Amino acid sequence: TSCAVNTFSIAGSGSCTGCAAGSTSAAGATVCDVCAAGSAVVAGSCTQCVAGTYSLAGSTECTQCAANSYSASAGASTCTSCPGGLTSAAGSDSSDDCEVCSAGNAVISGSCTQCDAGTYSVAGSTECTSCAVNTFSIAGSGSCTGCAAGSTSAAGATVCDGVLCWFCCDRW
């Protein structure tokens, strides 16, 4: 029995069986071949994964590289992590895609995240830092701002509190 593409026949069986997911065969095959790592079954044949994706041996599809990683060439079996403090979008296909977070943002849970009010960060930070006493910040700040004369704040403040001076007035 001569079997069609992506089926096989064990010698003498007289019937054809479909190849398992992640494997292919030529017409008339007696075995199916598992797609190698870095490729997947596409339209009935093993096809190399494009840059920005990867696969393990026997995969039925290529998987997009996760955020903060990349695969720079076709046929990747893994993705490469961006160096510490750098982030990239999912599906990145170059180390150039790994970028520093801008001021006012920090790498939190693997992605650039805006710092909350009362905190700040410089470019490339991996954490947001609380503003010092007598300073404040709005969300996404690259630095804290000093309180105006006559006002104060606690550490991590989002505003300064005005100080009322009951004894400072010239007249009532």
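Residues numbered from 1 in each chain as written. Predicted model: local features only at pLDDT ≥ 70, side-chain atom pairs only at ≥ 80, totals over all residues. Heavy atoms only, no water.

Caption draft 1: The overall build of the protein, seen in detail. Of the regular secondary structure elements, the protein holds zero helices and 20 strands. Over its C-alpha atoms the protein spans a radius of gyration of 30 Å, topping by over 25% the 16 Å that the globule rule assigns to 172 residues. Seen through its principal axes, the protein has C-alpha atoms that stretch 110 × 25 × 20 Å. Relative to its 172 residues, the protein shows a buried fraction of 29%. Considering only contacts within the protein whose residues lie at least 6 apart along the sequence, 19% involve residues at least 24 apart. Summed over all atoms, the accessible surface of the protein reaches about 9800 Å², with 55% contributed by carbon and sulfur. (Helix = DSSP H or I, 4+ residues; strand = E, 2+ residues; numbered from the N terminus. Rg over C-alpha atoms; globule rule 2.2 N^0.38 Å. Buried < 20%, exposed > 50% of the residue type's maximum accessible area, 1.4 Å probe, protein only. Contact = heavy atoms within 4.5 Å. Areas by Shrake-Rupley, 256 points an atom, 1.4 Å probe, with all protein chains shown as cover.)

Caption draft 2: Layout of unusual backbone geometry. At Ala43, a position not held by glycine, the phi torsion is positive, near 55°. You can see Ala43 is positioned in the loop between strand 5 (39-42) and strand 6 (45-48). One non-glycine residue, Asn134, lies in positive phi territory at about 70°. Looking at the element boundaries, Asn134 is found in the loop between strand 16 (129-130) and strand 17 (135-136). Of the residues examined, Asn134 reaches a relative accessible area of 34% and is grouped as partly exposed.

Caption draft 3: Molecular detail of the state of the cysteines. Applying the stated rule across the entire model yields ten disulfides. Covalently, Cys65 is tied to Cys79 through a disulfide, its sulfur atoms 2.0 Å apart. The disulfide joining Cys65 to Cys79 has a torsion of about -80° about its S-S bond and is therefore left-handed. Of this pair, Cys65 sits in the loop between strand 8 (63-64) and strand 9 (69-70) while Cys79 is found in the loop between strand 9 and strand 10 (80-81), placing the two residues 14 residues apart along the sequence. Take Cys65: its relative accessible area is 1%, and that puts it in the buried class. (Disulfide = S-S within 2.5 Å.)

Caption draft 4: Focus on the pairing of strand 6. Here strand 5 runs beside strand 6; their pairing, made up of four bridges, is antiparallel. From the neighbouring strand, Val41 faces strand 6, where its bridge partner is Cys46. (Pairing = 2+ DSSP bridges.)

Caption draft 5: Main features of the side chain of Ser92. Within the fold, Ser92 resides in the loop between strand 11 (86-87) and strand 12 (99-100). By relative accessible area, Ser92 is classed as buried at 5%. Here Ser88 takes part through its side chain, which lies 3.5 Å from a polar atom of the side chain of Ser92. Apart from the residues lying within four places of it in its own chain, the contact partners of Ser92 are Gly52, Cys65, Ser69, Tyr70, Ser71 and Asp97. (Polar contact = N/O pair within 3.5 Å; in protein donor to acceptor, adjacent residues only side chain to side chain.)

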